[in-house]
Amino acid sequence: MATINIYDFSDKLNGNDRLRKEFINKYVDFLTNNMDTDDIIRSWAEMMYENLYSECREDGADGLVEQVAYEYPDLLQKEFGVDTSLVA
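Note that the coordinates shown come from a computational prediction; the quantities given were computed from them, not determined experimentally. (Residues numbered from 1 in each chain as written. Predicted model: local features only at pLDDT ≥ 70, side-chain atom pairs only at ≥ 80, totals over all residues. Heavy atoms only, no water.)

**Observations concerning the overall build of the protein chain**
Step number 1: Looking only at helices and strands, one finds five helices and zero strands in the protein chain.
Step number 2: In terms of C-alpha radius of gyration, the protein chain reaches 19 Å, well past the compact-globule figure of 12 Å for 88 residues.
Step number 3: The buried share among the 88 residues of the protein chain stands at 8%.
Step number 4: If the 8 positive side-chain charges of the protein chain are averaged to one point and the 19 negative ones to another, these points end up 10 Å apart. (Helix = DSSP H or I, 4+ residues; strand = E, 2+ residues; numbered from the N terminus. Rg over C-alpha atoms; globule rule 2.2 N^0.38 Å. Buried < 20%, exposed > 50% of the residue type's maximum accessible area, 1.4 Å probe, protein only. Lys, Arg positive; Asp, Glu negative; His and termini not counted. Charge placed at Lys NZ, Arg CZ, Asp CG, Glu CD.)

Have a look at this one:
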């Protein structure tokens, strides 16, 4: 396979949805097959923290609080003293 400049490759991925999906799939599969399970879990947790923090900073915390109240009401009740009885 011919080599390609890393920046040209990035541009190529940015312009081609199919190639971008293929690259991401191969990268995630590679990580899954080569990383220790504990490292995968830690990486996932870090990614979740960053995504949720950014989401709350940009869009507010309403959506996240509603999601947690629906899925894990005990967390809000026990850890933060939140009354989740209003969640439908």
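What follows continues from the structure just given.
**Considerations on the layout of surface pockets**
Step number 1: In this model, the second largest pocket occupies a volume close to 190 Å³.
Step number 2: Considering the residues around the second largest pocket, the lining is formed by Val28, Leu31, Thr32, Met35, Ile40, Ser43, Trp44 and Met47.
Step number 3: No other element matches the four residues that helix 3 (residues 37-59) contributes to the lining of the second largest pocket. (1 Å grid on protein atoms, 1.4 Å probe; cavity = no way out; pocket = protein on both sides within 12 Å on 5 of 7 lines; lining within 4 Å. Points joined across faces, edges and corners; volume = space filled by probe spheres on them.)

**Looking at helix 1 (residues 6-15)**
Step number 1: Little of helix 1 is tucked away, with one of its ten residues classed as buried.
Step number 2: N-cap assignment for helix 1: the residue whose side-chain oxygen lies 2.7 Å from the backbone N of Tyr7 is Asn5. (Polar contact = N/O pair within 3.5 Å; in protein donor to acceptor, adjacent residues only side chain to side chain.)

**Focus on the packing of aromatic side chains**
Step number 1: The tally for this structure, following the rule as stated, stands at three aromatic pairs.
Step number 2: Note on Phe9 and Phe23: the rings are 5.5 Å apart at their centroids and 75 degrees apart in plane angle, and the pair reads as edge-to-face. Residue Phe9 is located in helix 1, and its partner Phe23 is located in helix 2 (residues 17-34); the two are separated by 14 residues in the primary sequence.
Step number 3: Phe9 gets classed as partly exposed once you look at its relative accessible area, which sits at 26%.
Step number 4: The interplanar angle of 15 degrees and the centroid separation of 6.0 Å between the aromatic rings of Tyr49 and Tyr53 together place this pair among those described as stacked. One end of the pair is Tyr49 and the other is Tyr53, both in helix 3 and four residues apart, which spans about a single turn.
Step number 5: Judged by relative accessible area, Tyr49 falls into the exposed class, the value being 57%.
Step number 6: On the basis of relative accessible area, Tyr53 is assigned to the partly exposed category, the value being 46%.
Step number 7: Clustering of aromatic rings is evident, with ring pairs tying together Phe9, Phe23 and Tyr27. (Phe/Tyr/Trp six-rings, centres within 6.5 Å; stacked < 30°, edge-to-face > 60°.)

**Focus on the environment of Asn33**
Step number 1: Mapped onto the elements, Asn33 comes out in helix 2.
Step number 2: For Asn33, a relative accessible area of 64% puts it in the exposed group.
Step number 3: Through-space distance from the C-alpha of Asn33 to that of Tyr49 is 23 Å; in sequence the pair is 16 residues apart.

**Notes on helix 4 (residues 62-71)**
Step number 1: Turning to helix 4, its buried residues number three or more, namely Leu64, Val68 and Ala69. Buried residues of helix 4, seen end-on, are gathered within an arc of 130 degrees and therefore sit on one face of the element. What points out from helix 4, more than 90 degrees from its buried face, is the exposed set Asp62, Glu66 and Tyr70.
Step number 2: Packed against the buried residues of helix 4 are helix 3 and helix 5 (73-80). (Arc of directions from axis to C-beta. Contact = heavy atoms within 4.5 Å.)

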